[in-house]
Amino acid sequence: MVSTPPTRAAATPAPLPRWALAAVALLAVLNLVAAVGGGLVRLGTLPAGVAGPTGPQAVATHGALLMAGFFGTLIALERAVALRRGLWVPLLSGLGGLAGWVLGAWSLAGLLWVLSALGLAGLYAWAGWRRAMSLPLAIEASGALALLMANLAFALHRPEAARLGWSAFLVLTIAGERRELTRLLRLPPGAAPAFVLLWAGLLLAVGLSLFQPAAAFALWWGLSVALSGWLLRFDLARHQWRARGWAGHTAICLTVGYVWLALASVAGLAGLSVAWHLLWLGFVMAMVFGHAPIMLPALAGWRPQPTRAALWPLALLGLSLLLRLWGSLVASAPLLALAGAGHVLALLLFAAVMARAVRRGT
């Protein structure tokens, strides 16, 4: 999900060792397992005993494990692979999650996450200095700064600011990457300035969350609705729905994700706490499902064979999220527990479909 600007450097560093990439990727997966486990316990899908070595703490901090632990590691790993340097950045974020989940050392986790976010911001700065600075790269770099603020807020026990900062990290990273690809299209007058204004407003919401969380959330969700509309109208994905292979798969996943961004924003404006999960599991996971077939060759050298079955997990995840929304509206514990089971089945199904695609593609 991270774009790679054109290089100015004459010498190209060697690719990062495959075994090291695999080790860091494993850390990301462990953070995801910890986050999902804590979330399932909170939904009542699983008993409390399976939350992990630190029990209730893992349940209470499952969002931090998902955002700072899993996504922080995953996106930093993609950036390190693209730049062929800085593998310590995702390593720290992955170890931070394990420090909290296994040892209960959440202060250490917060410190490692802050250092990792600083490193990620440094990688973007290096890319802008040594390669090429651009608006999309600046947007992605601002996402890294949002991650830094979120991790600092987590360490300082400011959950509202941390939640919004983590969300901005992912939304801005994705928006920057998509904005780069829209350079291939001729945008109508006003579209490009509108995007810049949306970016500035989202950053304002992140800063405002430190002082006025309620106002920041209202601004964030209002601008997120507008961003979803911009992406649905102008993003390259709308031209590639019928493309063959993974290009069509990615376009469908992205478009569905933009719809989830709109639904999450409407729920957020209505004051529903489930809005955050619609954003993280709907919008962001749709991006993961869409980009995984593209990233696997870069990260592991695997070339999965295209298959329409890769859309089944996206559909299952969407149904489970609608069930979760319904369960939240009617305050039904059984529906929420069933929705949690659907989330996990969607993730497992995606892993199984991709494993089969990789095996058939080799």
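Because the structure is predicted, anything quoted here is derived from the model rather than measured.

**Student:** Can you tell me about the pattern of salt bridges, naming the residues and giving the values?
**Tutor:** On inspection of all chains with the given rule, the structure shows three salt bridges. With a closest N to O distance of 3.6 Å, Arg178 and Glu177 form a salt bridge. Connected through salt bridges with shared partners, the residues Glu177, Arg178 and Asp235 form a single ionic network.

**Student:** Talk me through the packing of helix H7 (residues 159–181) against helix H8 (residues 191–208); I want residue IDs and the actual numbers.
**Tutor:** Direction vectors running N to C along H7 and H8 enclose 165 degrees, while the axes themselves pass 10 Å from each other. When the interaxial angle is binned, H7 and H8 end up roughly antiparallel. Seen along the crossing, H7 lies across H8 with a hand that is left-handed. Two secondary-structure elements touch here, H7 through Leu164, Ala168, Leu172, Ala175 and Arg179 and H8 through Ala192, Phe195, Trp199, Leu202, Leu203, Ala205 and Val206. Of the residues that constitute the contact of H7 with H8, the class distribution is eleven nonpolar, no polar and one charged.

**Student:** Can you break down the confidence of the model for the chain residue by residue, with the values?
**Tutor:** Confidence in the prediction of the chain, expressed as mean pLDDT, is 90, and 93% of residues score 70 or more. Confidence drops under pLDDT 50 across residues 4–10; counting only partners more than four residues distant or on other chains, this segment forms 16 contacts.

**Student:** Explain the nonpolar core residue by residue, including any values.
**Tutor:** Counting 106 residues, the largest nonpolar core has Phe71, Trp166, Trp220, Leu279 and Phe283 as the members making the most contacts within it. Of the residues forming this core, the biggest block, 15 residues, is contributed by helix H11 (residues 275–300). Ignoring sequence-local partners within four residues, the contact set of Phe283 consists of Val171, Ile174, Gly257, Tyr258, Trp260, Leu261 and Leu278. Counting residues in each nonpolar core, the second largest holds ten residues, with Ala20, Leu21, Val24 and Leu77 among its members.

**Student:** Could you give an account of helix H1 (residues 18–43), with specific residues and numbers?
**Tutor:** Residues spaced three or four apart along an α-helix point in a common direction, a consequence of the helix completing one turn every 3.6 residues. Taking 1.5 Å of rise per residue, the 26 residues of H1 would be expected to cover 38 Å, and the 37 Å separating its terminal C-alpha atoms lies within 8% of that figure. Positioned one or two residues after H1, Gly44 has a phi angle of 90 degrees, which is positive.

Conventions and cut-offs
- Residues numbered from 1 in each chain as written.
- Predicted model: local features only at pLDDT ≥ 70, side-chain atom pairs only at ≥ 80, totals over all residues.
- Heavy atoms only, no water.
- Salt bridge = Lys/Arg side-chain N within 4 Å of Asp/Glu carboxyl O.
- Axes fitted to C-alpha atoms, helices over the stretch in contact; angles between N-to-C directions.
- Helix = DSSP H or I, 4+ residues; strand = E, 2+ residues; numbered from the N terminus.
- Parallel < 35°, antiparallel > 145°, perpendicular 65-115°, else oblique.
- Left-handed = near helix turned anticlockwise from the far one by under 90°.
- Contact = heavy atoms within 4.5 Å.
- Nonpolar A, V, L, I, M, F, W, Y, C, P; charged D, E, K, R; others polar.
- pLDDT = per-residue confidence, 0-100.
- Core = buried A, V, L, I, M, F, W, Y, C linked by side-chain atoms within 4.5 Å.
- Buried < 20%, exposed > 50% of the residue type's maximum accessible area, 1.4 Å probe, protein only.
- Expected span 1.5 Å × (residues − 1).

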